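As a plain string of letters, each chain reads:
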Amino acid sequence: MGNTISMPRKFEHLVEPLGMSNGLTSVFMEVLAISGSILAKTNREKELIIWLAQRDQSVVGIGTVGFEIEEMPWTIDSFEREKDFILHTISGAIDGLGWERLSYEPRKDWVIECLEHFHLMINAFDKESINMNSYLEWSEIEEDDDRPTIPRGYPKCEKHDIYLSCHFCILCNNGS
Ligand SMILES: [Zn+2]
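Residues numbered from 1 in each chain as written. Predicted model: local features only at pLDDT ≥ 70, side-chain atom pairs only at ≥ 80, totals over all residues.

Asks: Give a detailed account of the overall build of the chain, specifying residues and quantitative values.
Replies: A tally of helices and strands in the chain yields 7 helices and 3 strands. N-terminal to C-terminal, the α/β element order of the chain is β-β-α-α-α-β-α-α-α-α. Projecting the C-alpha coordinates of the chain onto the three principal axes gives extents of approximately 40 × 40 × 30 Å. Counting all 176 residues of the chain, 35% fall into the buried class. (Helix = DSSP H or I, 4+ residues; strand = E, 2+ residues; numbered from the N terminus. Buried ≥ 20, exposed ≤ 12 C-beta atoms within 10 Å, placed from the backbone.)

Asks: Requested: an account of the sheet that holds strand 2 (residues 18-20), with residues and values cited.
Replies: Strands in a sheet are paired, the pairing made by backbone hydrogen bonds, and the direction either parallel or antiparallel. Taken in spatial order, the 3 strands make up an open sheet running 2-1-3, and their pairing is mixed. Each edge of the open sheet carries a strand with a single partner, namely strand 2 and strand 3 (67-68). Summarising the sheet, strand 1 (residues 3-6) and strand 3 pair through 2 bridges and their orientation is parallel. Paired with Ser6 across the strands is Glu68, a residue of strand 3. (Pairing = 2+ DSSP bridges.)

Asks: Outline the environment of Arg152, listing residues and values.
Replies: In this structure, Arg152 sits in the loop between helix 6 (132-139) and helix 7 (170-173). Separated by 19 residues in sequence, Arg152 and Leu171 have C-alpha atoms that sit 20 Å apart.

Asks: Got a sec to walk through helix 2 (residues 43-53)? Specific residues and values, please.
Replies: Of all 11 residues that make up helix 2, 8 are buried, and the element is covered over most of its length. Within the span of helix 2, buried status applies to Glu45, Glu47, Leu48, Ile49, Ile50, Trp51, Leu52 and Ala53. The elements touched by buried residues of helix 2 are helix 1 (22-39), helix 4 (79-94), helix 6 and helix 7. (Contact = placed C-beta atoms within 7 Å.)

Asks: Kindly report on the packing of helix 1 against helix 2, identifying the contributing residues and their values.
Replies: Between two packed helices, the angle of one axis relative to the other and the distance separating the axes together describe the packing. Contact geometry for helix 1 and helix 2: axes closest at 9 Å, N-to-C directions at 160°. In this view, helix 1 runs roughly antiparallel relative to helix 2, as classed from their interaxial angle. Viewed along their axes, helix 1 and helix 2 form a crossing whose handedness is left-handed. On helix 2, the residues touching Met29, Leu32, Ala33, Gly36 and Ser37 of helix 1 are Leu48, Ile49, Leu52 and Ala53. In terms of residue class, the contact of helix 1 with helix 2 is made up of 7 nonpolar, 2 polar and no charged. (Axes fitted to C-alpha atoms, helices over the stretch in contact; angles between N-to-C directions. Parallel < 35°, antiparallel > 145°, perpendicular 65-115°, else oblique. Left-handed = near helix turned anticlockwise from the far one by under 90°. Nonpolar A, V, L, I, M, F, W, Y, C, P; charged D, E, K, R; others polar.)

Asks: Give me the lowdown on helix 4, citing residues and values where you can.
Replies: Helix length check: helix 4, at 16 residues, gives a terminal C-alpha distance of 22 Å against a target of 22 Å (1.5 Å per residue), a fit within 8%. Among the residues making up helix 4, those that are buried are Glu82, Phe85, Ile86, Thr89, Ile90, Gly92 and Ala93. Looking straight down helix 4, one finds that the buried residues subtend no more than 160° of arc, so they occupy a single side. Phi turns positive one or two residues past the end of helix 4, at Gly96, with a value near 85°. (Expected span 1.5 Å × (residues − 1). Arc of directions from axis to C-beta.)

Asks: Tell me about unusual backbone geometry, and please be specific about residues and values.
Replies: Positive phi is not limited to glycine here, since Asp161 has a value of about 60°. Within the element layout of this structure, Asp161 appears in the loop between helix 6 and helix 7. In this structure, Phe168 is a non-glycine residue whose phi angle is positive, near 70°. Within the fold, Phe168 resides in the loop between helix 6 and helix 7.

If you want it as structure tokens, here you go:
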């Protein structure tokens with residue numbers, strides 16, 4: 001039940017896994033997608049947000065979107081910038097950046113507690129733990145795939161102004 005985000009094993013003594021109920025996970029992903037879509041400037045930053053927005057339980061299944069931090073599409077060349085960007089995105093979400101785009105009123109204290117936990121995880125994660133295959137496998141665009149993992153040109157939802165994943169808009173799909 002629920003979804004768990006965890007660190008690579010060597011860090012687990014530093015930051016314990018983050019377990020969330022399914023409902024809380026949806027809010028968590030949505031506020032990160034909103035904040036990151038407001039803050040992303042480079043294509044790599046947009047891609048990190050698209051990867052998170054792809055963890056949309058309304059499409060891929062309830063309780064199936066947990067992940068390990070090294071599965072995120074980090075790249076070795078720009079890891080420091082990517083890490084800074086994700087930390088900013090989390091801080092933005094904690095500050096309520098764009099939350100008015102949600103059609104519901106989330107339990108703020110619960111979400112913020114999870115976001116703070118996630119912030120600790122990303123902060124502790126290091127370049128040595130990157131698995132470049134995560135990015136390469138995820139971003140590989142197949143020739144005649146009409147729904148590529150990374151939508152071409154990084155389109156945004158017209159209603160919510162957030163980046164679309166291959167599952168379209170995480171806010172539209174969840175009724176906002
Ligand atoms: Zn939308």
